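Residues per chain, in single letters:
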Amino acid sequence: MEMQAFWEALQFVVTGNDEVWAIAWLTIQVSGIATLISVAIGLPFGIWLALTDFPGKKLIYSFINYGMGFPPVVAGLMISLLLWRYGPLGNLSLMYTPTAMILAQTMIAMPIIIGFSFTAIMSVNPLLRYQFLSLGAKKWQADWLLIKEARLGLLAAVIAGFGRVSAEVGASMMVGGNIKGQTRVLTTATVMEVGKGNYEMALAISAVLLMIAYSVVLLLTYLQHERKREIR
Amino acid sequence: MKFNKSLFLSICMLVIVFATTACGTQKEAAPESSKAPADANLILATTTSTQDSGLLDVLIPAFEKKTGYKVKTIAVGTGKALAMGEKGEADVLLVHAPSAEKKVMESGSTINRQLVMHNDFIVVGVANDPAQIKGKTTDDAFKAIAAKQALFVSRGDDSGTDKMEKQIWKDIKVAADGPWYLSAGAGMGQTLKIANEKNGYTLTDRATYLAQKKNLSLDILVEGDKKLLNIYHVMEVNPEKFNKVNKDGAKAFSEFLLAKETQAMIAEFGKDEYGQALFFADGDKTDADLGL
């Protein structure tokens, strides 16, 4: 492949291609919403799991650890079977829509965010909690302080979740269908351009994907850093 | 606490932005036609070759503009597309595996099967041609490849092209198996690339080959055999069997494909870019004309 052709494709994509920007925007929306849903449910659940003791906790945690590596294509397949016209949720007509992609990506991101939050809380020195309590903190105050202590790890959970789903292609292809103007995201567009033999275009779209992923990570890292400075 | 507040606020902002824009994208572009269909969503299951050759990028926008339907094109192998039809998960099919199509018609899953267009399959390989197949008939070429155990890359994905290839092996009674026979499980573009990298032979449709040619050092070695016709039919999924099918949309799409202007678009497609048409329009022909 020629470097020049790649630069031309990149320039074309970055400067004047509305279609690619629409695809990029859809990617941010789908993966962003899936991450937010996973955070809204997974973060409290992971924290609760870390702070509560009950029999069978290790078993549940083993399932979550297992789920952190859940193959996206399996998630895609399961969501497909649910959403098919003649599947159990077929009446909702959700197959091949961005909503279906959000569902599949949530299924992928959720265990990652639960697992990372659990680990983040568990990795804070457990004696700290007793120290807070002995200093006169109420139980919920001690928990809250512990969460604040673990914030670096909790944000890492969000970064890992978003990173995984924005990079995922199998599930999006299966439940979204890579439909132009409707469910085409950057990863599925890349696969399609490779199928068409437009390698320069595929590389240019990949570059946009990398830029978006980095921007999000940069934002979250900045948030992490801000918090850290505040403690000192 | 100060920071937590700002984090909370920024997350809230993000949620609002996402929520509003998500609503925004769901607004459908108003169709030019005044008679907007009641059920505008239409699922077209078709083959990768119609997408990878770029034909759909020309046809679908024209159809949407003309009728107001919003087409969800699912480009998969013909085997999968037919399976979607058999389960009522698509409304209309544009596929290229005549004998498999007939079976689906007989099962009553689809109706109104009509000839749309054809092009042809070709056997491609590296120029030094280790099995010496150039200029042979398809059957002899495949026999020579098997006898020489020269590397052959198969689609292996139950697509129309794959079905055609499997039929040829069956016709010449050769069990295609062994280290010389690679089953790629990939689309046509990817399979051509594999054959290219591994110096193998493969069977391809002409449209995808021409569209990919700039990346390949494979030459056409066998062509023009009557056996190698690649024929596309449109079929509507049977609304009497599957009540959720968008039957008006399916009918409109199949009428659109056979309309004179569309047939002219198909016949012209590719002439600018490749100097030759990628498909031959067959709307006014019957299966018998193509020797089926």
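Model, not experiment: these values are computed from the prediction.

Moving on: the packing of helix H6 (residues 127-134) of chain A against helix H7 (residues 139-149) of chain A. Two quantities define a packed helix pair, namely the angle between the axes and the distance from one axis to the other. Residue and element names in this part refer to chain A. In contact at an axis separation of 9 Å, H6 and H7 are set at 135 degrees when each is read in the N-to-C sense. On the basis of their axis angle, the class for H6 and H7 is oblique. Judged by the sense of rotation from one axis to the other, the crossing of H6 with H7 is right-handed. Counting all contacts with H6, which are made through Leu128, Arg129, Phe132 and Leu133, the residues of H7 involved are Gln141, Ala142, Leu145, Leu146 and Glu149. Counted by class, the contact of H6 with H7 contains six nonpolar, one polar and two charged residues.

Residue and element names in this part refer to chain B. Each assigned domain of chain B is listed here: domain 1 (41-119 + 231-290) and domain 2 (120-228). Placing a centre on the C-alpha atoms of domain 1 and another on those of domain 2 gives a separation of 25 Å. Counting residues at the interface gives 17 residues for domain 1 and 16 residues for domain 2. Of all elements in the fold, only helix H2 (48-52) and helix H4 (78-86) reach the threshold of two or more residues within the side of domain 1 that touches domain 2. In terms of residue count, H2 provides more of the side of domain 1 that touches domain 2 than any other element does, three residues in total. The class makeup of the residues in the side of domain 1 that touches domain 2 is six nonpolar, 10 polar and one charged.

It is worth spelling out the UniProt feature "domain: ABC transmembrane type-1" (unreviewed entry) in chain A at this point. Cross-referencing UniProt, the feature "domain: ABC transmembrane type-1" (unreviewed entry) maps to residues 24-220 of chain A in the present numbering. Summarising residues 24-220 of chain A: 77% helix, 0% strand, and an end-to-end C-alpha distance of 19 Å.

Parameters at a glance
Residues numbered from 1 in each chain as written. Chains lettered and ligands numbered in written order. Predicted model: local features only at pLDDT ≥ 70, side-chain atom pairs only at ≥ 80, totals over all residues. Axes fitted to C-alpha atoms, helices over the stretch in contact; angles between N-to-C directions. Helix = DSSP H or I, 4+ residues; strand = E, 2+ residues; numbered from the N terminus. Parallel < 35°, antiparallel > 145°, perpendicular 65-115°, else oblique. Left-handed = near helix turned anticlockwise from the far one by under 90°. Contact = placed C-beta atoms within 7 Å. Nonpolar A, V, L, I, M, F, W, Y, C, P; charged D, E, K, R; others polar. Domains from an automatic or database assignment. UniProt positions renumbered as here; feature names shortened; annotations may be inferred.

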